[in-house]
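# Residue-level structure breakdown
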Amino acid sequence: MNGLVRLLCILCACGVFCCCKSKTSKKSVEKQTVQAGSDSIPRVRIKYAKGFWLEYRDGYAVLNIKDPQESSHTCYQYALIPRGKKVQTPAELPVVEVPVRSVVCMTSLQLSNFIKLDAIDRVVGITSTRFLFNGEMQKRVDEGKTRRIGIEGNFDNEIIMSLNPDLMLISPFKRGGYDAVKDIGIPLVPHLGYKEMTPLGQAEWIKFVGVLLGMEDKAGVEFDRIENRYNSLKAMVGDVERRPVVFSGELRGGVWYAVGGKSFLAQLFHDAGADYFLKDDPRSGGVTLDFETVYNQAESADYWRIANSFAGEYCYAALKAQDERYADFKAFKDKRVIYCNMREKPFYESMPAEPEVVLADMIRVFHPGVLPDHEPVYYDLLNK
């Protein structure tokens, strides 16, 4: 929490943290003229994402960003202006010239949008390559075209300054450490796609990156393809006679980490024709439970979903070795554990931009007769 407070103070000092309003305030009468070549910012329609939207003004657009899981009207605002064009914008709004030519990404989730848009050449800096799967990005790192900038809280300022990116995509609810780079003058723009509560809402952040890169049309076409396939698959199991029950998570340090019934994962299970064991829980974020609470609610559940980074071969024996009580769940006894090893799959790097693929994986497990020919990409049943 201290890191969040510190970052919000930083953003306030940088003029980034504002209050979204539908009307122009008196303060916005003060203008700044920026020498920034297109005539205007293309209009983008947002259908599912709750964390960003655009307001179009005379010659520029206001990009609004907020936490999708909060009802507060507090948000981040930026004036997007066409590169090479003189535009008057409100003095209190930080300016981002588009298309953006170079970006530093803080997370693999952010990188997923660049991969989907075939625009990783715009990414000049990343925080880590520990679980980097994309071959082209790995080649860029090896050739020095994309640099490692350190981790949140311990950035290498000299590298960042040498890159001189047009902006940095940040995760303001993580460790932060942006006070060390705020004076460089690089816009810090939050990317909050990971907090969206629906798979299509998260995937629609490809339009967010598309706007910044001047690739609105390509982002729109790609999202339409994702949306159509996702909704087509969803319709295939919309009227199934039996909806299996699935629970998620595992014990870590004596605490069971799961998510609430209004979360991204709960919606994914629902769309795949299953019921999440906490579907009536009103929370959208993480939930911590003790083993007894989980066991009382999930002992007879049909399936158990696990995603982790396991070194070695993950199997039922390995799962039981972590905690003997795991073997008491029906899903364990029936060998119905749905698993994704993030050491082997691009869980964060590609999956956020491919919800239709994840949905197909889940449908194949829950209702195998619906998609008998689908080859699992991210999730599959443990087979031994």
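Right, let's walk through the structure included here. (Residues numbered from 1 in each chain as written. Predicted model: local features only at pLDDT ≥ 70, side-chain atom pairs only at ≥ 80, totals over all residues. Heavy atoms only, no water.)

Attention now moves to helix H8 (residues 264–271). Every α-helix carries 3.6 residues per turn, so stepping three or four residues along brings you back to the same face. Three or more residues of H8 are buried, namely Leu265, Ala266, Leu268, Phe269 and Asp271. Once H8 finishes, Gly273 follows within two positions and takes phi at roughly 85°, a positive value. (Buried < 20%, exposed > 50% of the residue type's maximum accessible area, 1.4 Å probe, protein only. Helix = DSSP H or I, 4+ residues; strand = E, 2+ residues; numbered from the N terminus.)

Turning our attention to the pairing of strand E21 (residues 337–341). By the criterion of burial, E21 is predominantly enclosed, with five of the five residues buried. Residue alternation in E21 divides its side chains into two sets, Val337, Tyr339 and Asn341 and Ile338 and Cys340, and both sets are buried. Direction of pairing for strand E20 (residues 303–308) relative to E21: parallel, over a ladder of five bridges. Opposite Trp304, over in E21, you have Val337 as the bridge partner. (Pairing = 2+ DSSP bridges.)

Helix H7 (residues 216–236) packs onto helix H6 (residues 205–213) with a crossing angle of 165° between their chain directions and a minimal axis gap of 8 Å. The orientation of H6 relative to H7 falls into the category roughly antiparallel. Crossing geometry of H6 relative to H7 is assigned as right-handed. Seen from H6, the contacting residues are Ile206, Lys207, Gly210 and Val211; seen from H7, they are Glu216, Ala219, Glu222 and Phe223. (Axes fitted to C-alpha atoms, helices over the stretch in contact; angles between N-to-C directions. Parallel < 35°, antiparallel > 145°, perpendicular 65-115°, else oblique. Left-handed = near helix turned anticlockwise from the far one by under 90°. Contact = heavy atoms within 4.5 Å.)

A pair of packed helices can be characterised by two numbers: the angle between their axes and the separation between those axes. Here H8 crosses helix H12 (residues 355–366) at 55°, and the two axes come no closer than 9 Å. Judged by the inter-axis angle, H8 sits oblique to H12. Relative to H12, H8 is oriented so that their crossing is right-handed. Contact residues: H8 offers Leu268, Phe269 and Asp271, while H12 offers Val358, Leu359, Met362 and Phe366. Considering only residue class, the contact of H8 with H12 consists of six nonpolar, no polar and one charged. (Nonpolar A, V, L, I, M, F, W, Y, C, P; charged D, E, K, R; others polar.)

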